[in-house]
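Structural features, examined
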Amino acid sequence: RKKKRKKFKMVNPHVRYNPYACVSPNNVSNRSSEGIITPMLSGLGIIRLDLSKDDDAISSIVTLLKEVCSFTDEDDKKLKKTKLKEATKLARILLDKTADCSICSIEVSLPLPPILSTSGLLASTFLDSGASQVVIPLDKSLSGVSAARLPKERVVGSLTREGLEKGWEDIEGLREKVAGVCVECGDCNEEEASAAARSLSATFSSLPPTFTLVVVCPSSSAPPPTLLSWRSGHALRVRACLTDATAAALGGGFCDACKTDRSDGLYTTVVCSRSGVALGLVYSSRESVVAALEAGRGVYYSRSRGGLWRKGDTSGHYQTLHRIDTDCDGDALRFTVTQHGSRPAFCHLNTLTCWGEPVGTQHLEEVLRDRLVNAPEGSYTKRLFDDETLLRNKLVEEAQELSEATSPRHVAEELADVLYFALVRAVKAGVGMDDAVKVLDERGRKVTRRKGDDKKERIEAAERILGGGGAK
């Protein structure tokens, strides 16, 4: 009796295997009115910004960081901090021109010389600015990776085709330093790109599927999506990073990495807000995924109409598309969108979600926005909107009560109070929970941390308010 081959279970096939785009500051011409490249390039949730061959784009950042490296005296601490902030700001400008890094993962490919000349600060600066990973050229001594001194999950090593052909001796040592390896194919044909992908897979066949393997090539020469290399009882599939990506190439490659058990070939799709609230359940096809990336909108497949459904064309409740993901099994899609409309509503019953009105902070935010323009007589919320001093004092007061609460129930009650007054302040300024979540996600990507000590002047100001010094 023949022994059955053990099937390899893919781990999040979207994150691991679908193609993504590679752009440089000089060749990004497909931009929206806000200056951000369209979701055609960033809508699959990941994009590579190639700065490895563009010294001019990073020259100002490198100059600032070299100055930081030259500081030795204790008196230079403040100036050093200022220079680092300036460099981080310039790096953030480059990222902001590429994609929204709060919702899209941006890999930044950097040249080796300035990484070494800034003692690795160039790499950490881009991570502090919001990049998810940095791509660092590999040499035998791993000089760039060592200089950067970063967590390995934030680093991808880069090889040329020639470097890959020479092989890599210390595979396990490399695994301890980087989360993956990519091979730069340049202007190659499909046969050359496929050969590089096979060689990449064979070279690192001893590593687990969680180790990322990427081949960077033109979309016209991308290896077949079914490229698999069976080694050591598991599969290593190589992902393609496309230097001239199109919506058809990205959307088609994305669907190739997904699966469906439906006879009509459609993908079950959950539509969510940026904060993760499920708005509704729809269906997607290969054609609708490509159309959504092209338009940067929520575009789905209507089973009743038998064709594309461009959300909002009839109702006016259109959606801005932020990214498309799959679940862990690769058989269900998630569209992350911002729902628009005079009263944002996804459902045909004119509610935000197909499961009725929202609850929790989402509901509170909607009520506060309504109170801002349509408050009933005697509304306390309206009073807070109109009296800045009262709102400030209540924020300080409730924060103090939260810090002194002891029992779980008491802490929950005081936290609810703080959230209410904080959201009043936010809504008055035109800010919502999604904006706060965006900032939290951005901060979570930093690798340089501040001490986080308390600020004496702020403590004294709060004590004056709590002690009766605030205006009544």
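Residue indices follow the written sequence of each chain, beginning from 1 at its first position. Per-residue local features are limited, in this predicted model, to residues with pLDDT of at least 70; the limit for side-chain atom pairs, both in listing and counting, is 80 or more; totals at the level of whole chains, interfaces and linings are taken over all residues. Note that water and hydrogens are dropped before the side-chain values are worked out from all heavy atoms of the structure.

Attention now goes to the overall build of the protein chain. Labels follow the DSSP assignment, with helices taken as runs of H or I lasting at least four residues and strands as runs of E lasting at least two, numbered in each case from the N terminus. When helices and strands are tallied, the protein chain shows 18 helices and 16 strands. Exposure categories follow from relative accessible area, calculated using a 1.4 Å probe and restricted to protein chains: below 20% of the type maximum is buried, above 50% is exposed, and the middle band is partly exposed. Expressed as a percentage of the 472 residues in the protein chain, the buried residues total 45%. Relative to all contacts within the protein chain whose residues are 6 or more apart in sequence, the contacts with residues 24 or more apart total 66%. Using a 1.4 Å probe, accessible areas were evaluated by the Shrake-Rupley method; residue-level cover was limited to the displayed protein chains. Taken as a whole, the protein chain presents about 24,700 Å² of accessible surface, with 51% of it coming from carbon and sulfur. In what follows, a contact means two residues having at least one pair of non-hydrogen atoms within 4.5 Å.

A few words on unusual backbone geometry. In this structure, L142 is a non-glycine residue whose phi angle is positive, near 55 degrees. On the secondary structure map, L142 appears in the loop between β4 (133-137) and α7 (143-148). Given the relative accessible area of 12%, L142 is considered buried. Of note in the backbone geometry, N350 takes a positive phi value of approximately 65 degrees without being a glycine. Tracing the sequence through the fold places N350 in the loop between β16 (332-339) and α13 (360-374).

On to the packing of helix α3 (residues 55-70) against helix α4 (residues 77-96). In contact at an axis separation of 9 Å, α3 and α4 are set at 165 degrees when each is read in the N-to-C sense. Viewed along their axes, α3 and α4 adopt a mutual orientation that is roughly antiparallel. Read as a crossing pair, α3 and α4 show a hand that is left-handed. Two secondary-structure elements touch here, α3 through A57, I58, S60, I61, L64, L65, E67 and V68 and α4 through K80, K83, L84, E86, A87, L90, A91 and L94. We call Asp, Glu, Lys and Arg charged. Ala, Val, Leu, Ile, Met, Phe, Trp, Tyr, Cys and Pro are nonpolar, and the rest, Gly among them, are polar. Class assignment of the residues belonging to the contact of α3 with α4 gives a composition of 11 nonpolar, one polar and four charged. Angles run from 0 to 180 degrees between N-to-C directions of axes, and those axes are lines fitted to C-alpha atoms, restricted for helices to the stretch in contact. Roughly parallel covers angles under 35 degrees, roughly antiparallel covers those over 145, roughly perpendicular covers 65 to 115, and oblique covers all other angles. Whether a crossing is left-handed or right-handed is set by the direction in which the near helix is turned from the far one by less than a right angle, anticlockwise for left-handed and clockwise for right-handed.

Take the sheet that holds β4 next. At least two bridges found by DSSP between two strands are what make those strands a pair. Reading around the barrel, the eight strands line up as β1-β2-β3-β4-β5-β6-β7-β10 and close back on themselves, with parallel pairing between neighbours. Direction aside, neighbouring strands of the sheet carry axes that sit 25 degrees apart on average. Two elements, strand β2 (residues 46-50) and strand β3 (residues 105-109), share five bridges in a ladder whose sense is parallel. Counted as the bridge partner of I47 is I106 from β3. Set on the sheet, helix α6 (residues 121-128) makes contact with β3 and β4; between it and β4 the angle comes to about 160 degrees. Sheet strands touched by helix α10 (residues 190-203): β6 (180-184) and β7 (212-217). Its angle to β7, the strand with the most contacts, is close to 160 degrees.

This brings us to the packing of aromatic side chains. Pairing of aromatic side chains here covers Phe, Tyr and the six-membered ring of Trp, requires ring centres within 6.5 Å, and sorts the geometry by plane angle: under 30 degrees stacked, over 60 edge-to-face, intermediate tilted. Across all of its chains, the model carries six aromatic pairs by this definition. Each ring, one from Y300 and one from W309, has its centre 5.7 Å from the other, and the planes form 55 degrees; the classification is tilted. Among the residues examined, Y300 registers a relative accessible area of 0% and is labelled buried. Cluster of aromatic residues (ring-pair linked, three or more members): Y300, W309, F335 and F346. Between the NZ or CZ atom of K140 and the centre of the ring of W168, over which it lies, the distance is 4.8 Å. Counting as a charge over the ring demands two things of the Lys NZ or Arg CZ atom: a distance within 6 Å of the ring centre and an angle within 35 degrees of the ring normal.

Think of a salt bridge as a Lys or Arg side-chain nitrogen and an Asp or Glu carboxyl oxygen that are within 4 Å of each other. Within this structure, the stated rule accounts for 21 salt bridges. With a closest N to O distance of 3.1 Å, R286 and D256 form a salt bridge. Taken together, the residues R286 in helix α12 (residues 286-295) and D256 in helix α11 (residues 247-256) connect sequence positions 30 residues apart. Classification of R286 as partly exposed rests on a relative accessible area of 40%.

By the criterion of burial, β6 is predominantly enclosed, with four of the five residues buried. Pairing analysis gives five bridges linking strand β5 (residues 155-160) to β6, with the strands arranged parallel. Across the sheet, L159 pairs through a bridge with V183, a residue of β6. Examined bridge by bridge, β6 and β7 share five bridges and lie parallel to one another. Note that in β7 the partner of V181 across the bridge is L213. When the strands point away from the viewer, a crossover counts as right-handed if the path from the first strand over the helix to the second runs clockwise. Crossover β6 to β7 through α10 is right-handed.

Two strands pair when backbone bridges link them, and strand β1 (residues 20-23) and strand β10 (residues 239-242) are joined in this way by two bridges, in the parallel orientation. When the bridges of β10 are listed, A21 appears paired with L242. In this structure, β1 lies alongside β2, joined through three bridges in parallel fashion. Looking at the pairing, C22 lines up with R48 of β2.

Turning to the side chain of K311, a few remarks are in order. Along the chain, the position of K311 falls in the loop between β14 (307-310) and β15 (319-326). Counted as positive: Lys and Arg. Counted as negative: Asp and Glu, with His and the chain ends omitted from the count. The buried charged residue K311 lacks any salt bridge partner; its closest oppositely charged side chain belongs to D313, at an N-O distance of 10 Å. Beyond its immediate sequence surroundings of up to four residues, K311 is in contact with R297, G298, Y300, H317, Y318, Q319, Q339, A345 and F346.

Before going further, it helps to examine the sheet that holds β16. Strands sit in the order β12-β11-β16-β15 across an open sheet of four strands; the sheet is mixed. In this open sheet, the two strands that pair with only one neighbour each are β12 (278-284) and β15. Averaged over all adjacent pairs, the angle separating strand axes in this sheet is 25 degrees, with direction ignored. The sheet contact formed by strand β11 (residues 267-272) and β12 spans six bridges and is antiparallel.

On to the confidence of the model for the protein chain. Reading predicted coordinates in detail is not appropriate for stretches of low pLDDT. On a range of 0 to 100, pLDDT expresses the predictor's confidence in each residue. Overall, the prediction assigns the protein chain a mean pLDDT of 85, with 88% of residues at 70 or greater. The model gives residues 1-16 a pLDDT under 50, and that stretch makes 32 contacts with residues more than four places away or in other chains. Within the model, pLDDT remains below 50 along residues 29-37, and this stretch shows 19 contacts once partners closer than five positions in the same chain are excluded.

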